[in-house]
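An overview of the molecular structure
Listed here are the chains, written in short residue letters.
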Amino acid sequence: MITGVGGEMKQASLPMMEVNQFDYDGNNQDKKKRLTSEQLEALENSFQEEIKLDPDRKMKLAHELGLQPRQVAVWFQNRRARWKAKQLERLYDTLKQEFEAVFREKQKLQDEVRMCMS
């Protein structure tokens, strides 16, 4: 019991538990549906044209591919994350190569200085 507005006593109501897609064994009842190769190709082509997804384009793609707009949005979000990670990997590789080249040049100059000093 809880006290309500005006001092009257009321029974506290507990929030209803929502039934989710997992059964009591923890098995996923709604199998995750994979995108078809045609859907993936269309999404990838669209991503290559523009990595940002505006609402009109999202709705158009969803309609054309028979997907929910949310599925298209999530695919683009995940694809941008993979793209960004790949960009960072490329940048790291470039910086590492540049560092190694500068380090070799430094070693060469130090060797020349030692030769001149001896």
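What this report covers is the structure whose coordinates are included nearby. Residue positions within a chain follow its written sequence, with the count starting from 1. In view of the model being predicted, local features appear only for residues whose pLDDT reaches at least 70, and side-chain atom pairs are presented and counted only at 80 or more, with totals across whole chains, interfaces and linings using the full set of residues. By convention in this description, side-chain values take in all heavy atoms of the structure and omit both hydrogens and water.

The next thing to look at is a nonpolar patch on the surface. Residues Leu-88, Leu-91 and Leu-95 make up a contiguous nonpolar surface patch of about 290 Å² in total accessible area. Residue position: Leu-91 is located in helix α3 (residues 69-117). Nonpolar side chains (Val, Leu, Ile, Met, Phe, Trp, Tyr) are joined into patches within 5 Å and like charges within 9 Å, using only residues with over 30% relative accessible area and no salt bridge. Note on areas: these come from Shrake-Rupley sampling with a 1.4 Å probe, and a residue is covered only by the protein chains present in the view. The working definition used for a salt bridge is a side-chain nitrogen of Lys or Arg within 4 Å of a carboxyl oxygen of Asp or Glu. Only DSSP runs of H or I with at least four residues qualify as helices, and only runs of E with at least two residues qualify as strands; both kinds are numbered from the N terminus onward.

Moving on to the nonpolar core. Counting 9 residues, the largest nonpolar core consists of Leu-43, Phe-47, Leu-61, Ala-62, Leu-65, Leu-67, Val-72, Trp-75 and Phe-76. Looking at this core, the elements with two or more residues in it are α1 (37-49), α2 (55-65) and α3. Here Val-72 is in contact with Leu-43, Leu-53, Lys-58, Leu-61, Ala-62 and Leu-67, once residues within four sequence places are set aside. Nonpolar cores are built from buried Ala, Val, Leu, Ile, Met, Phe, Trp, Tyr and Cys residues. Side-chain atoms within 4.5 Å join them into one set. For the exposure calls, accessible area comes from a 1.4 Å probe over protein chains only, and a residue counts as buried if that area is under 20% of its type's maximum, exposed if over 50%, partly exposed in between. For this analysis, residues touch if any pair of their heavy atoms sits within 4.5 Å.

The terminal C-alpha atoms of α3 lie 71 Å apart, and with 49 residues this matches the ideal 72 Å at 1.5 Å per residue to within 8%. Looking only at α3, the buried set comprises Val-72, Ala-73, Trp-75, Phe-76 and Arg-79. Taken together, the buried residues of α3 touch α1 and α2. Expected span of a helix, by definition, is 1.5 Å for each gap between consecutive residues, and there is one gap fewer than residues.

Function cannot be inferred from these measures alone, as they are strictly geometric.
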